[in-house]
Amino acid sequence: MNASTISLLLVVVVAATLIEAWPGPLVVCRGGKPQDCICTSEFNPQCGTNGKTYSNPCVVQCDQECDRSIKIDHEGPCQKTPSRAPPLTVCRGGKPQECICTAEFNPQCGTNGQTYSNPCVFRCDQSCDRSLKIAHEGAC
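Residues numbered from 1 in each chain as written. Predicted model: local features only at pLDDT ≥ 70, side-chain atom pairs only at ≥ 80, totals over all residues. Heavy atoms only, no water.

The name that an unreviewed UniProt entry assigns to the protein chain is Kazal-like domain-containing protein, with the source organism given as Allacma fusca. Of the comments in the UniProt record for the protein chain, the one headed Subcellular location (unreviewed entry) reads "Secreted". (UniProt positions renumbered as here; feature names shortened; annotations may be inferred.)

Printed below as a string of structure tokens:
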């Protein structure tokens, strides 16, 4: 082997090692948006705290490189149904009044230990207490 072949082989080995050890995607941000982010095409939807559904956790990491406030809200796609819209709520004494939701049964456990009958009812309380989050789907 000549010197140029050995040098090229060394560069390839070092590059492969760096890429394997790198903690996340290599991202260039332009205008606050990730450019040239390389991820697999794995389908493992994640809902970001920005309401955007990402195809997999790597794609979330790409956006996080440009906007550190983005986190994964929950696994699975973000809900894009009318019931996802914030309900119109009037708060009195820290409790929701006159909040209109459907009777859908889709229990949600709040971080306050209360089971809500569906996401809309949860969001009614959340509109009066912004620190309230969903601990997990299902009853507490």
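Draft legend 1. Here's a closer look at the overall build of the protein chain. Along the protein chain, the regular secondary structure elements total 3 helices and 10 strands. Reading the helices (α) and strands (β) of the protein chain from amino to carboxyl end gives α-β-β-β-β-α-β-β-β-β-β-α-β. Counting across all 140 residues of the protein chain, residues that qualify as buried make up 21%. Long-range contacts, defined here as pairs at least 24 residues apart, represent 44% of the contacts in the protein chain between residues at least 6 apart. Here the protein chain has roughly 9600 Å² of accessible surface; of this, 59% comes from carbon and sulfur atoms. (Helix = DSSP H or I, 4+ residues; strand = E, 2+ residues; numbered from the N terminus. Buried < 20%, exposed > 50% of the residue type's maximum accessible area, 1.4 Å probe, protein only. Contact = heavy atoms within 4.5 Å. Areas by Shrake-Rupley, 256 points an atom, 1.4 Å probe, with all protein chains shown as cover.)

Draft legend 2. Expanded view of the packing of aromatic side chains. Tallying each qualifying case throughout the model produces 1 aromatic pair. Geometrically, the ring pair formed by Y116 and F122 is edge-to-face, given 5.4 Å between the ring centres and 85° between the ring planes. Taking the relative accessible area as the measure of exposure, F122 reaches 3% and is therefore buried. (Phe/Tyr/Trp six-rings, centres within 6.5 Å; stacked < 30°, edge-to-face > 60°.)

Draft legend 3. Examining the sheet that holds strand 5 (residues 72-75) more closely. As summarised here, the arrangement of the 3 strands in space is 4-3-5, forming an open sheet in which the pairing is antiparallel. A strand with exactly one partner marks an edge of an open sheet, and here the two such strands are strand 4 (53-54) and strand 5. With 3 bridges connecting them, strand 3 (residues 46-48) and strand 5 associate as antiparallel partners. Each residue of the ladder has a partner; that of G48, found in strand 5, is I72. (Pairing = 2+ DSSP bridges.)

Draft legend 4. The arrangement of helix 3 (residues 119-128) in detail. With 7 of 10 residues buried, helix 3 is to be regarded as a mostly interior element. Along helix 3, the positions that sit buried rather than exposed are P119, C120, F122, R123, C124, D125 and Q126. Of the surrounding secondary structure, the elements contacted by the buried residues of helix 3 are strand 7 (95-97), strand 8 (108-110), strand 9 (115-116) and strand 10 (134-137). The opening residue of helix 3, the one whose side-chain oxygen lies 2.9 Å from the backbone nitrogen of C120, is N118. (Polar contact = N/O pair within 3.5 Å; in protein donor to acceptor, adjacent residues only side chain to side chain.)

Draft legend 5. Structural view of the state of the cysteines. With the rule as written, the count across this model stands at 5 disulfides. The disulfide partner of C29 is C66, and the S-S distance across this bridge is 2.0 Å. Its torsion about the S-S bond being -95°, the disulfide of C29 and C66 is classed as left-handed. Placement of C29 in strand 1 (residues 28-30) and of C66 in helix 2 (residues 57-66) is noted, with a sequence separation of 37 residues between them. Disulfide pairing is shown between C109 and C140; the S-S distance is 2.1 Å. (Disulfide = S-S within 2.5 Å.)

Draft legend 6. The arrangement of the environment of T102 in detail. With respect to the element layout, T102 can be found in the loop between strand 7 and strand 8. C-alpha of T102 to C-alpha of P119: the two residues are 17 residues apart in sequence and 9.9 Å apart in space.

Draft legend 7. Highlighting the environment of P57. Assignment of secondary structure puts P57 in helix 2. For P57, the contacting residues outside a window of four places in its chain are E42, N44 and Q46.

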